[in-house]
Amino acid sequence: MRGIITDQPVNPDDPRVIGAGVVMAVIGPIFFLLQPFYVGALADVLGFNAQQIGWLIGAEISGTAIASIAAFFYVRQLNWRAVVIFGLLAQAICNFASCLVTGYVELLLLRFVTAVLGMGPLYIIAIAMLSVTKRTGLNFSVVVFGQMTLAIAGLAILPNFVPKFGLAALFAPIAIIGVIALSVTGFIPRQAMTRPEGMVPETARNNARPAIGVLWVQSLWYLGIAGVWTFIERVGVEAGLASADVNKALAIGMAVGLAGAVGSGYLTERFGRVVPFLLGMAFQCVAITLLLEGRDYYGFLAIICLYNLMWNMSIPPLFELMAAADVQNRYAVILPTAQALALMLGAILGGLFVHDFGLSSVLISGIVFTLLALLLFLVVSNRLTRSAKIQSAPI
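This structure is a prediction, so every number in the text was calculated from the model and none was measured.

**Here we look at the overall build of the protein chain**
1) Next: Tallying secondary structure elements over the protein chain gives 16 helices and zero strands in all.
2) Next: Taken over C-alpha atoms, the radius of gyration comes to 21 Å for the protein chain, in line with the 21 Å a tight globule of 395 residues would show.
3) Next: Taking the principal axes of its C-alpha atoms as reference, the protein chain extends roughly 60 × 45 × 30 Å.
4) Next: Within the protein chain, buried positions represent 54% of all 395 residues.
5) Next: Restricting to contacts in the protein chain with at least 6 residues of sequence separation, those with at least 24 account for 86%.

**Some words on empty space enclosed by the protein**
1) Next: The full count for this structure, using the stated rule, is one cavity of 30 Å³ or more.
2) Next: The wall of the largest cavity is formed by Leu-223, Gly-224, Gly-227, Gly-346, Leu-349, Gly-350, Phe-353, Val-362, Ser-365 and Phe-369.
3) Next: Mapped onto the lining of the largest cavity, the elements with two or more residues apiece are helix 11 (209-238), helix 15 (335-357) and helix 16 (359-387).

**Here's the deal with the packing of aromatic side chains**
1) Next: Tallied over the full model, the rule gives eleven aromatic pairs.
2) Next: Ring centres of Tyr-297 and Tyr-298 lie 5.2 Å apart, and the angle between their planes is 75°; on these two criteria the pair is classed as edge-to-face.
3) Next: The ring centre of Phe-31 lies 4.5 Å from the NZ or CZ of Arg-111, which sits over that ring.

**Considerations on the pattern of salt bridges**
1) Next: Applying the stated criterion across every chain yields a total of three salt bridges.
2) Next: For the salt bridge of Asp-14 with Arg-16, the shortest nitrogen-to-oxygen distance reads 2.8 Å.
3) Next: As a salt-bridge pair, Glu-320 and Arg-273 come within 3.1 Å of each other at their nearest N and O atoms. Taken as a pair, Glu-320 in helix 14 (residues 297-325) and Arg-273 in the loop between helix 12 (243-271) and helix 13 (274-291) lie far apart in primary sequence, 47 residues in all. Neither residue differs from the other here; Glu-320 and Arg-273 are each classed as buried.

**Some remarks on the packing of helix 13 against helix 14**
For any two helices packed against each other, the geometry comes down to the angle between their axes and how far apart the axes lie.
1) Next: Orientation of helix 13 relative to helix 14, taken along the N-to-C sense of each, is 155°, at an axis distance of 8 Å. Between helix 13 and helix 14, the angle falls in the class roughly antiparallel. Classified by chirality, the crossing of helix 14 by helix 13 is left-handed. Of the residues in helix 14, those touching helix 13 at Pro-276, Phe-277, Leu-279, Gly-280, Met-281, Phe-283, Gln-284, Ala-287, Ile-288, Leu-290 and Leu-291 are Phe-300, Ile-303, Leu-306, Tyr-307, Met-310, Trp-311, Met-313, Ser-314, Pro-317 and Leu-318.

**Side note on the confidence of the model for the protein chain**
1) Next: Summing up the model confidence of the protein chain, the mean pLDDT is 83 and the portion of residues at 70 or higher is 90%.
2) Next: Summarising per-element confidence for the protein chain, the mean pLDDT is lowest in helix 10 (residues 202-205) (51) and highest in helix 13 (94).
3) Next: Of the regions scoring below 50 in pLDDT, residues 390-395 engages in nine contacts with residues more than four places distant in sequence or in other chains.

**A closer look at the nonpolar core**
As a rule of thumb, nonpolar side chains are buried together in soluble globular proteins.
1) Next: In terms of nonpolar packing, the biggest core is built from 122 residues, with Met-24, Leu-170 and Trp-221 touching the most fellow members.
2) Next: Ranked by the residues each element gives to this core, the list is headed by helix 14, at 15 residues.
3) Next: Setting aside chain neighbours within four positions, we find Leu-170 in contact with Phe-31, Leu-34, Phe-37, Tyr-38 and Leu-158.

**A closer look at the side chain of Ser-219**
1) Next: Structurally, the position occupied by Ser-219 is in helix 11.
2) Next: Other than its neighbours up to four places away in sequence, Ser-219 contacts Ala-338 and Ala-342.

**Here's the deal with the environment of Gly-257**
1) Next: In this structure, Gly-257 sits in helix 12.
2) Next: Take Gly-257: its relative accessible area is 0%, and that puts it in the buried class.
3) Next: Spatially, the C-alpha atoms of Gly-257 and Ala-65 are 26 Å apart, while their sequence positions differ by 192 residues.

**Overview of helix 12**
1) Next: Between its terminal C-alpha atoms helix 12 stretches 40 Å, which fits the 42 Å expected from 29 residues at 1.5 Å a residue.
2) Next: Positive phi shows up at Gly-272, right after helix 12, with a value of about 95°.

**A closer look at the environment of Thr-114**
1) Next: As for its position among the elements, Thr-114 is in helix 6 (residues 104-130).
2) Next: Thr-114 sits in the buried class, given a relative accessible area of 0%.
3) Next: Discounting residues that sit within four places of it in the chain, Thr-114 has contacts with Gln-91, Cys-94, Asn-95 and Met-119.
4) Next: A polar atom in the side chain of Thr-114 sits 2.6 Å from the backbone oxygen of Leu-110.

**Observations concerning a nonpolar patch on the surface**
1) Next: On the surface, Phe-96, Ile-176, Val-179 and Ile-180 cluster together into a nonpolar patch covering about 360 Å² of accessible area.
2) Next: Considering each element in turn, the nonpolar patch owes the most residues, three residues, to helix 9 (residues 168-181).
3) Next: You can see Phe-96 is positioned in helix 5 (residues 80-98).
4) Next: Phe-96 sits in the partly exposed class, given a relative accessible area of 38%.

Cut-off values and rules
Residues numbered from 1 in each chain as written. Predicted model: local features only at pLDDT ≥ 70, side-chain atom pairs only at ≥ 80, totals over all residues. Heavy atoms only, no water. Helix = DSSP H or I, 4+ residues; strand = E, 2+ residues; numbered from the N terminus. Rg over C-alpha atoms; globule rule 2.2 N^0.38 Å. Buried < 20%, exposed > 50% of the residue type's maximum accessible area, 1.4 Å probe, protein only. Contact = heavy atoms within 4.5 Å. 1 Å grid on protein atoms, 1.4 Å probe; cavity = no way out; pocket = protein on both sides within 12 Å on 5 of 7 lines; lining within 4 Å. Points joined across faces, edges and corners; volume = space filled by probe spheres on them. Phe/Tyr/Trp six-rings, centres within 6.5 Å; stacked < 30°, edge-to-face > 60°. Lys NZ or Arg CZ within 6 Å of the ring centre and 35° of its normal. Salt bridge = Lys/Arg side-chain N within 4 Å of Asp/Glu carboxyl O. Axes fitted to C-alpha atoms, helices over the stretch in contact; angles between N-to-C directions. Parallel < 35°, antiparallel > 145°, perpendicular 65-115°, else oblique. Left-handed = near helix turned anticlockwise from the far one by under 90°. pLDDT = per-residue confidence, 0-100. Core = buried A, V, L, I, M, F, W, Y, C linked by side-chain atoms within 4.5 Å. Expected span 1.5 Å × (residues − 1). Polar contact = N/O pair within 3.5 Å; in protein donor to acceptor, adjacent residues only side chain to side chain. Patch = residues over 30% accessible without salt bridge, like charges linked within 9 Å, V, L, I, M, F, W, Y side chains within 5 Å. Areas by Shrake-Rupley, 256 points an atom, 1.4 Å probe, with all protein chains shown as cover.

Written as structure tokens, this is what we have:
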């Protein structure tokens, strides 16, 4: 299967180009998706304590943030295909090298480099590619579906190999997946892509405020998610459930969440971005509210399924809104930074709330941040819709 060999502008809606972008978007954040297993393996295999693990995970998150900030400046200038090929090779080398390292400092540095040079650029270029497509919401629904499917498969299969292979059971398969992904890089465009002029709302053409508003939506939302998701296991245990049952419920919830990604694509295509985001955020608040009361296992499971379903439903409309707001396709690449920083700060704030006021406080703060994000989303979306003077795209 031949790739795209022309240096001329590429059609962003070419199915081959979209498929290549989806592959990179699924691979890029894989360590975040497998974080529960990753953290456990670091503790059980290498004997790292909680503080060491926190710094190591923080190094990977910071590396992604740095790569995202750097992309803000280079995304319009560099050869995207070259960046992706370099990123895939860098992640493969760093992940294979991580299989051989057992020292804490060495592994921390390797994971930081992996994020800066490998996983970060892959995810960022993928976001830039998919953000300029006509069916942005649907395409990001496919991304979320792929991410959750890979995460469920990884969490179900990889832990079985840890006793024999240690952390190589995680690092080696990811490195191999990256090498295999080199086969689709021929469909990554060399030149940066932008949305056709006729698809851009007038208010966003020379105004960065809508795109910055979307970054704030992402930040507020993930401030709430970070606190809730960090302490969700403790919420279940405090309700009288066994830790093993809580983790089982979380795994089932992730599987059920796949339907949210599929449903979001359908709703976005049919009703626009507001309906799925409004439903998703509102029912996330309902789920969190239900967690405030003690539940038996099946009640807890039902709430977790609802929360994951609505969480996944809300992701594609957010990217669709950024696609409408970000004319130059520059601010979209900062979404991973906003997410990473919000996750770090949200976990810290959540810990402070739990320490001072108990677990219920982190749930209440999750509701507040979610509602603030929803309100800002509606404001930004409404302004773009009212001022959108769409021109017919040239044939």
